[in-house]
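Observations on chain architecture
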Amino acid sequence: MFPVLKRRWFIGPVLLRPDGRTGAPGRLKLPGRLAVAWLVAAVVFWMALVTPAPALTPAVLAAEEQAPAGLEDPQILLQVFDLIRRHYAGDARPEDLIRGALRGMMGALGDRHSVFFTPEEFRQFTSDLQRSYGGVGMQIGTNADGEITVIAPFPNTPADRAGLRAGDVILAVDGEDVKDLALDQVAARIRGEPGTTVTLTIRREGVSEPFQVELVREVIQIHTVEAEVIAGEGRGISGPVGYLRIISFNDGTTGEVRRNLELLERQGIVGLVLDLRRNPGGMLHEAVGVAELFVPAGPVVHVDWKEKGRETIASRSPGRPYPVVTLVDEGTASGSEIVAGAIQDRGVGPLVGTRTYGKGSVQSLYELNGGNLGAVKLTTARYVTPGGRVIDGTGLSPDVVVHRTEQAPGPEPAPELGIETPLRFTRTLRRGVVGLDVLALQERLAALGHPPGPADGVFGPQTEAALRAFQSGRGLPVTGTLDEAGLQALEQAVMELIRGQAAGSPAKEVETGDLQLERALDVLKERLATSAAGR
């Protein structure tokens, strides 16, 4: 029996269906010439196994060393395989030789999205199809230099709580250098049983030396949609504003978005902020389905296939009856770029934030004998926006550029509160760490009424207890460590104290220093005013 190939398509961490929308994956029928090649290969391989090796005479060696027509002739692979089987002095298992040849062919493409999976790697890769898995909760990709980078950590996961950021470069996993590993091989090493630890070596822009982050794997529950209503009256907006965040495009995301839109619309929203920040993508048909909910009848995306040329996927919906402003950043990738690109090109609404990641390729997954012999993941198409813009390697430029680092005042010293040391996030602070950043933390905890012990820059048990008390009072995960998100919450508490507010009082989401969201609401207000003036 020859291996059965089965193909599925995907653009992000999750597999796609072969029709781009719905239905089960289809079997891939081999063209006639390729089927003949498989037949010839199988016969030669069988003959090599059953035919005894001839005596090593010069005539035999000369005949065996006659080269095929050229390197483009796949017969050379069979000849080398047979030479190794007959003459190699050591042990060589046929399956190891075939596996090595497959890895070599995929590596020769120079495309980190195209890889060969062993059966175990294939099982780990397809775990992303599930609603939960063991890992640290982030999507990774490659940068322009081919380095493994963080695209986006998922909210409230070990990666998020450790302060990992989009653009962080992963140099090693548990001390193993990953520069020669394929993207999905690195992902497989990061995943694992919940409760076990994995140590990542990270290089970050603006930080002089690489640093290590130890993460405890958890069961990562994949929740793809969040929605709420933001009061608009205090911002000069005539009614409530919907806020809809899409974390990734998994199976069922379109239905979740549709249901949440209906709930928001029942509450009378006059506009919507669609948040695609830190969304690494996912299933093509789900991304297209979501885009159709916002984009009126017409093209959503063009997909350029090698086999069948350009395919235009179009919307048949009327769109939304209110203004939409979309938030994007450097973690907006793949499927989320399809949605953002369609919204921008079709004039649905502006993009606010920073340039997106720039992954515009589609991969097909070819299972070998149902995955029992592994699988091959191959880039088979690239997509462009409705206006013909190339996404891959370039990303999307927002209409209104707002950087996350443009935060309201807060990290600066406040001597009147005993805060004299600036605090910037460069590492996660935990027990045993020593430095000026620890001193800055201690000053802030003391000002907020959580005595950290001596203000000596040493993160000891008293400092940990004070930090835990602060986290508990603010409704944060009580970890006893300070990551980037925790630092922002700490600075917000200090700002509230400076303004005379109670240290533990919760702030509205639009007042937490999310400058990109603040600007999106301002843009929405402007669009509503323009719309009203035109009526």
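Look a little higher up for the structure.
Quantities reported herein were computed from a predicted structural model and do not represent experimental measurements.

Calculation notes
Residues numbered from 1 in each chain as written. Predicted model: local features only at pLDDT ≥ 70, side-chain atom pairs only at ≥ 80, totals over all residues. Heavy atoms only, no water. Helix = DSSP H or I, 4+ residues; strand = E, 2+ residues; numbered from the N terminus. Buried < 20%, exposed > 50% of the residue type's maximum accessible area, 1.4 Å probe, protein only. Contact = heavy atoms within 4.5 Å. 1 Å grid on protein atoms, 1.4 Å probe; cavity = no way out; pocket = protein on both sides within 12 Å on 5 of 7 lines; lining within 4 Å. Points joined across faces, edges and corners; volume = space filled by probe spheres on them. Nonpolar A, V, L, I, M, F, W, Y, C, P; charged D, E, K, R; others polar. Salt bridge = Lys/Arg side-chain N within 4 Å of Asp/Glu carboxyl O. Phe/Tyr/Trp six-rings, centres within 6.5 Å; stacked < 30°, edge-to-face > 60°. Lys NZ or Arg CZ within 6 Å of the ring centre and 35° of its normal. Axes fitted to C-alpha atoms, helices over the stretch in contact; angles between N-to-C directions. Parallel < 35°, antiparallel > 145°, perpendicular 65-115°, else oblique. Left-handed = near helix turned anticlockwise from the far one by under 90°.

1. Re the overall build of the protein chain
The helix and strand tally for the protein chain stands at 14 helices and 21 strands. Within the span of the protein chain, comprising 535 residues, buried residues form 47% of the whole. Nonlocal contacts in the protein chain, meaning residues at least 24 apart in sequence, comprise 65% of its contacts between residues at least 6 apart.

2. Describing empty space enclosed by the protein
Counted under the stated rule, the structure contains two cavities of 30 Å³ or more. The volume enclosed by the second largest cavity comes to roughly 40 Å³. Looking at side-chain class alone, the lining of the second largest cavity contains five nonpolar, one polar and three charged residues.

3. Some points on the pattern of salt bridges
This model, assessed by the stated rule, comprises 22 salt bridges. Note that Glu 218 and Arg 161 form a salt bridge whose closest N and O atoms lie 2.2 Å from each other. One end of the pair, Glu 218, is in strand β11 (residues 218-221); the other, Arg 161, is in helix α6 (residues 158-161), with 57 residues separating them in the sequence. Measuring nitrogen to oxygen at the nearest pair gives 2.8 Å for the salt bridge that ties Arg 427 to Asp 437.

4. Looking at the packing of aromatic side chains
The geometry of an aromatic ring pair comes down to the distance between the two centres and the angle between the two planes. Applying the stated rule across the entire model yields zero aromatic pairs. Over the face of the ring belonging to Trp 305 we find Lys 308, whose NZ or CZ atom lies 5.1 Å from the ring centre.

5. A short note on the packing of helix α8 (residues 253-266) against helix α9 (residues 284-294)
Interaxial distance between α8 and α9 falls to 8 Å at its minimum, and their mutual angle equals 25°. Between α8 and α9, the angle is such that the two are roughly parallel. Relative to α9, the crossing made by α8 is right-handed. Listed contacts from α9 to Thr 253, Thr 254, Val 257, Arg 258 and Leu 261 of α8 are His 285, Glu 286, Gly 289, Val 290, Leu 293 and Phe 294. Counted by class, the contact of α8 with α9 contains five nonpolar, four polar and two charged residues.

6. Section: α9
Taken across its eleven residues, α9 has eleven buried, putting it largely inside the fold. Turning to α9, its buried residues are Leu 284, His 285, Glu 286, Ala 287, Val 288, Gly 289, Val 290, Ala 291, Glu 292, Leu 293 and Phe 294.

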